[in-house]
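Here's the letter readout for the chains.
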Amino acid sequence: MICLEKHQLNSKKLHENMSTETKVLKSEYQTEWEGFEVRELPVEDIWQSVPIAENIAGKPFYSRVKDDIKMNGMHFPIMCVHTTYKTLEEAKERWSKKINELPFWHNTLGKNKKMIWSVWGGSNRLAIAKAIGYTHIDAAVLPSIGKAISMQKWMRKPFEDTYYK
């Protein structure tokens, strides 16, 4: 009886350890990308600003990127901004239906003080990381949504022929 209880306890501990294991989708840029700090962020703490792009230019996109990440890992970190909820509301006003509905907001600090991580370059990669079981992802921390959007074209350049034509 004691042996069975010990086995059940060990099995429970193993399950708990497995469920809290950190699995990081690393990029080729471990500490810095284009002068911006790269850090590991929990995927569940990042708001995905735009919907998944299943297809681009009439060709499968999401599934191809997913297969590439599974085989080769992630080249660039995603681009994230640590911003206030108020700034996200302003972005939603500007881009309307082009971006996702804002995350639920409740905080005693107020909309100008509550900080939220949001991805503005790499929403598909963030969704892929979640889908294949990653708990964290490499993210370049950019100072503003505008700066992140301005860097998107540069980040896509090496992949133009593969995914965007």
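Residues numbered from 1 in each chain as written. Predicted model: local features only at pLDDT ≥ 70, side-chain atom pairs only at ≥ 80, totals over all residues. Heavy atoms only, no water.

Chemist: So what's going on with the pairing of strand 3 (residues 36-42)? Which residues, and what values?
Modeler: Sheet topology note: the strand 2 (residues 32-33)/strand 3 ladder contains two bridges and is antiparallel. Along strand 3, the bridge assignment pairs W33 with F36. Here strand 2 folds back onto strand 3, and the loop between the two strands holds two residues, one of which, E34, carries a positive phi near 55°. Strand direction decides the pairing type here: strand 3 and strand 9 (residues 136-142), joined by five bridges, are antiparallel. Looking at strand 9, one finds that R39 is bridged to A139. (Pairing = 2+ DSSP bridges. Helix = DSSP H or I, 4+ residues; strand = E, 2+ residues; numbered from the N terminus.)

Chemist: Explain the packing of aromatic side chains residue by residue, including any values.
Modeler: Counted according to the given criterion, the structure contains eight aromatic pairs. Both rings, one in Y29 and one in F76, keep their centres 5.7 Å apart while their planes meet at 20°; by these two values the pair is stacked. Here F76 lies in the loop between helix 2 (62-72) and strand 7 (78-84) and Y29 lies in the loop between strand 1 (24-25) and strand 2, a separation of 47 residues in the sequence. On the basis of relative accessible area, Y29 is assigned to the partly exposed category, the value being 29%. Look at F76 and you get buried, because its relative accessible area is 5%. Ring geometry for W33 against F76: centres 5.9 Å apart, planes inclined by 65°, an arrangement best described as edge-to-face. (Phe/Tyr/Trp six-rings, centres within 6.5 Å; stacked < 30°, edge-to-face > 60°. Buried < 20%, exposed > 50% of the residue type's maximum accessible area, 1.4 Å probe, protein only.)

Chemist: Describe helix 5 (residues 145-156), listing the residues and the values that go with them.
Modeler: Across its 12 residues, helix 5 extends 17 Å between first and last C-alpha, which sits within 8% of the 16 Å expected from 1.5 Å per residue. Here helix 5 has its buried residues at I145, A148, M151, Q152 and M155. Buried residues of helix 5, seen end-on, are gathered within an arc of 135° and therefore sit on one face of the element. Lining the buried residues of helix 5 we find strand 2, strand 3, strand 7, helix 3 (85-95), helix 4 (123-131) and strand 9. (Expected span 1.5 Å × (residues − 1). Arc of directions from axis to C-beta. Contact = heavy atoms within 4.5 Å.)

Chemist: Outline the nonpolar core, supporting the account with residue identities and numerical values.
Modeler: Within the largest apolar cluster, 23 residues are counted, with the highest numbers of intra-cluster contacts made by L25, I46, I78, C80 and I137. For this core, the elements supplying multiple residues, two or more each, are helix 2, strand 7, strand 8 (115-119), helix 4 and strand 9. Top contributing element to this core by residue count: helix 4, with four residues. Apart from residues lying up to four places away in sequence, L25 is in contact with I69, M74, R125, A129, Y134, H136, I137 and D138. (Core = buried A, V, L, I, M, F, W, Y, C linked by side-chain atoms within 4.5 Å.)

Chemist: Explain the layout of surface pockets residue by residue, including any values.
Modeler: Each pocket or cavity is described by its volume, and for the largest pocket that value is around 690 Å³. Taken together, 31 residues form the lining of the largest pocket, with G121, G122, R125, R156 and Y164 sitting closest to its centre. Listed by contribution, the elements that provide at least two residues to the lining of the largest pocket are helix 2, helix 4, helix 5 and helix 6 (160-164). Here the lining of the largest pocket gets four residues from one element, more than from any other, and that element is helix 5. Across the lining of the largest pocket, the residue classes break down as 19 nonpolar, eight polar and four charged. (1 Å grid on protein atoms, 1.4 Å probe; cavity = no way out; pocket = protein on both sides within 12 Å on 5 of 7 lines; lining within 4 Å. Points joined across faces, edges and corners; volume = space filled by probe spheres on them. Nonpolar A, V, L, I, M, F, W, Y, C, P; charged D, E, K, R; others polar.)

Chemist: How would you sum up the pattern of salt bridges? Please name residues and give values.
Modeler: Using the criterion set out here, one finds five salt bridges in the structure. Residues K26 and D138 are paired through a salt bridge, measuring 3.2 Å at the closest nitrogen-oxygen approach. Of this pair, K26 sits in the loop between strand 1 and strand 2 while D138 sits in strand 9, and the two are 112 residues apart along the sequence. By relative accessible area, D138 is classed as buried at 1%. The shortest N-O distance in the salt bridge between R39 and E37 comes to 3.2 Å. If you follow the salt bridges from partner to partner, you end up with K26, E40 and D138 in one network. (Salt bridge = Lys/Arg side-chain N within 4 Å of Asp/Glu carboxyl O.)

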